[in-house]
Each structure stands twice: as C-alpha cells, then as structure tokens.
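Take a look at the letters that make up each chain.
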Amino acid sequence: MERATAEAVMPALNRIAREAHRHMELGNGLNLRAGRTYLPKQGETCSKVFSPGFAAEWTLEIPGRPDLTIHDTRWDNGERDVVLQQPPLLPEMPAALVNLHGRLRAGIEPGPSGRMRIMAYLALPSPNGRRPSLEKALTTAALVDGCGARALRMLIARPGVTLDPPFDLRKPQDKETFQHAIHFPEDDAETPVAAYVLTRTVPVLRHSGWLLESNS
C-alpha cells in the first residue's frame, strides 16, 4: 500500500478547510460541524498496525447533551478510518456511549470508479451497558430503522453518494440480509463522518435515551 504523506493529501485538506465553516444537519437535532483539519496523532489502524497519522476533527452536537468528538484519520501507512474519539476529560454519559469511544471504527477504502467506500455496519448496544457489538449483515429495514429513515435519505441524496446494493428507501424489506456499503466522492469530507454517525453512533444514542426522535 502506498505510503500517505502530508504533502500527498494537502489538496484534500485544503478542500476540507474551505468547507470547515459549514455544518451538516443529520435530523433529530443532531448537527455535524467541522473543526481542526490537521491534528497529528499516533495509534493502531484497523489492520492492527501502529502508525502515526493525522485526523480531521468533527464535532457532533446533540441537543441538551455534551458534544461528541469524531476523528477522520488518515494514517501514514495508507489506511483511513472514522471513530468516536475519547477526549482527555470525558463528561458524564451512559456506559454504552462511554464504551463506544475508540471502538467500532469504520474503515474507508477505495471503491469503484475512483470513489471511496465505507461499510454501513450497525452498532448494537448491549443491554447491560457494556461495549456495543457490530452487526454486518442487515435487512434493508434494519438499516433504515437503525440509521433513521429521513437521515439516511438525506445522506444518500448527497451529490455522488450511492448505497450498494441499492434499494428503495421508502420500501425496505425485512427478509433478506446484505452487507451494505456507502460510496462517495474522494473529495467529499462530510459523507464518511455522517455515515459513521448514523450507523455507529445513532443506535447507541437512541439506546441511551440521548436521541430526540422526530418523525418530521
């Protein structure tokens, strides 16, 4: 895998920086806001390799709750992933949400036609508050229910974003399971972070009573 360097990804970072003043609404009062675009870090990648890298930092704003920090990290060994980042001082929150920090990372890989891919696996909160597990094979109904129908429709409606395998979000089925993937343009900084929030974070927020459900 070709080694990633700061110089090689500066065009992408510059695009992120130009859009950093924007925020993305995810429904149910959730807002995703861009923060620092070059945050050096070291850690273990999805393939269990220790590597330095840098993260683009995002803030998930939740009505009436502490903000959550999300990192979209590009590692020097070429890997990339999105994760709920644990801050130096963690505010009081339900155990299931505490145990999501640093876990269930979503890897980002090259997909077809020059686009990128993130898998739409769902976090499954444990009833006793222990660390959530990850459900990979899902019916389309389970995916829609887990992410939230309106939020998922908004995500897939973004320019250049597609869901694989495709299906009618208005008519999900609850029989056949698939491993779903979300494809997005390489210069789209928001979609992978929003996809992580909808698939990994939202189910835990809902389980913990931190999600203000809305039918609008």
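The structure we're discussing is the one just above.
Criteria and thresholds
- Residues numbered from 1 in each chain as written.
- Predicted model: local features only at pLDDT ≥ 70, side-chain atom pairs only at ≥ 80, totals over all residues.
- Heavy atoms only, no water.
- Helix = DSSP H or I, 4+ residues; strand = E, 2+ residues; numbered from the N terminus.
- Buried < 20%, exposed > 50% of the residue type's maximum accessible area, 1.4 Å probe, protein only.
- Contact = heavy atoms within 4.5 Å.
- Arc of directions from axis to C-beta.
- Axes fitted to C-alpha atoms, helices over the stretch in contact; angles between N-to-C directions.
- Parallel < 35°, antiparallel > 145°, perpendicular 65-115°, else oblique.
- Nonpolar A, V, L, I, M, F, W, Y, C, P; charged D, E, K, R; others polar.
- Salt bridge = Lys/Arg side-chain N within 4 Å of Asp/Glu carboxyl O.
- Phe/Tyr/Trp six-rings, centres within 6.5 Å; stacked < 30°, edge-to-face > 60°.

(A) Structural detail: the environment of H71. Structurally, H71 is set in strand β5 (residues 68-75). The class of H71 is buried, set by a relative accessible area of 4%. A sequence separation of 13 residues divides H71 from L84, and the C-alpha atoms of the two residues are 6.5 Å apart. Non-local contacts of H71, meaning those with residues more than four positions away in its chain, are made with L39, K41, A55, A56, E57, D81, V82, V83 and Q85.

(B) Structural detail: helix α4 (residues 149-156). Three or more residues of α4 are buried, namely A151, L152, L155 and I156. Viewed end-on, α4 has its buried residues packed into an arc of 130 degrees, placing them on one side of the element. Summarising the contacts, the buried residues of α4 are in contact with β1 (23-27), α3 (140-147), β12 (162-164), β14 (181-184) and α5 (191-208).

(C) Structural detail: the side chain of S208. Relative to the elements of secondary structure, S208 occurs in helix α5. Take S208: its relative accessible area is 18%, and that puts it in the buried class. In this structure, S208 is in contact with P94, A96 and L97, ignoring residues within four places of it in sequence.

(D) Looking closely at unusual backbone geometry. Across the junction of D164 and P165, the peptide omega takes the value -5 degrees, indicating a cis bond. Structurally, the position occupied by P165 is in the loop between β12 and β13 (177-178). Phi at N28 takes a positive value of approximately 55 degrees, unusual for a residue other than glycine. Summarising the element assignment, N28 is placed in the loop between β1 and β2 (30-34). For S113, which is not glycine, the phi torsion reads 60 degrees and is therefore positive. Here S113 shows up in the loop between β7 (106-110) and β8 (116-119). Judged by relative accessible area, S113 falls into the exposed class, the value being 74%.

(E) Just the packing of α3 against α5, in detail. One can describe the packing of α3 onto α5 by two numbers: an axis separation of 8 Å at closest approach and a directional angle of 65 degrees. On the basis of the axis angle, α3 is roughly perpendicular to α5. Facing D145, G146 and C147 of α3, the residues of α5 in contact are L198, T199, V202, P203 and R206. Considered class by class, the residues forming the contact of α3 with α5 number 4 nonpolar, 2 polar and 2 charged.

(F) Here's a closer look at the environment of T45. As for its placement among the helices and strands, T45 is situated in the loop between β3 (39-44) and β4 (50-61). Judged by its relative accessible area of 0%, T45 falls in the buried class. When the C-alpha positions of T45 and T73 are compared, they lie 9.2 Å apart, and in sequence the two are 28 residues distant. If near-sequence neighbours (up to four positions away) are discounted, T45 is found in contact with S51, W75, N77, E79, D81 and R105.

(G) Main features of the pattern of salt bridges. Across all of its chains, the model carries 8 salt bridges by this definition. Residue R158 is joined to E190 by a salt bridge in which the shortest nitrogen-to-oxygen separation is 3.0 Å. In this pair, R158 sits in the loop between α4 and β12 while E190 sits in the loop between β14 and α5, placing the two residues 32 residues apart along the sequence. Of the two residues, R158 and E190, both sit in the buried class. A salt bridge links R170 to D168, with the shortest nitrogen-to-oxygen separation between them at 3.2 Å. Here the salt bridges share partners, and the residues they tie into one network are R158, D188 and E190.

(H) Quick peek at the packing of aromatic side chains. Inspection of every chain in the model, using the stated rule, returns 1 aromatic pair. Look at Y38 and F54: their rings are 4.9 Å apart centre to centre, the planes differ by 25 degrees, and that puts the pair in the stacked class. Placement of Y38 in the loop between β2 and β3 and of F54 in strand β4 is noted, with a sequence separation of 16 residues between them. Here Y38 falls in the partly exposed class, since its relative accessible area comes to 42%.

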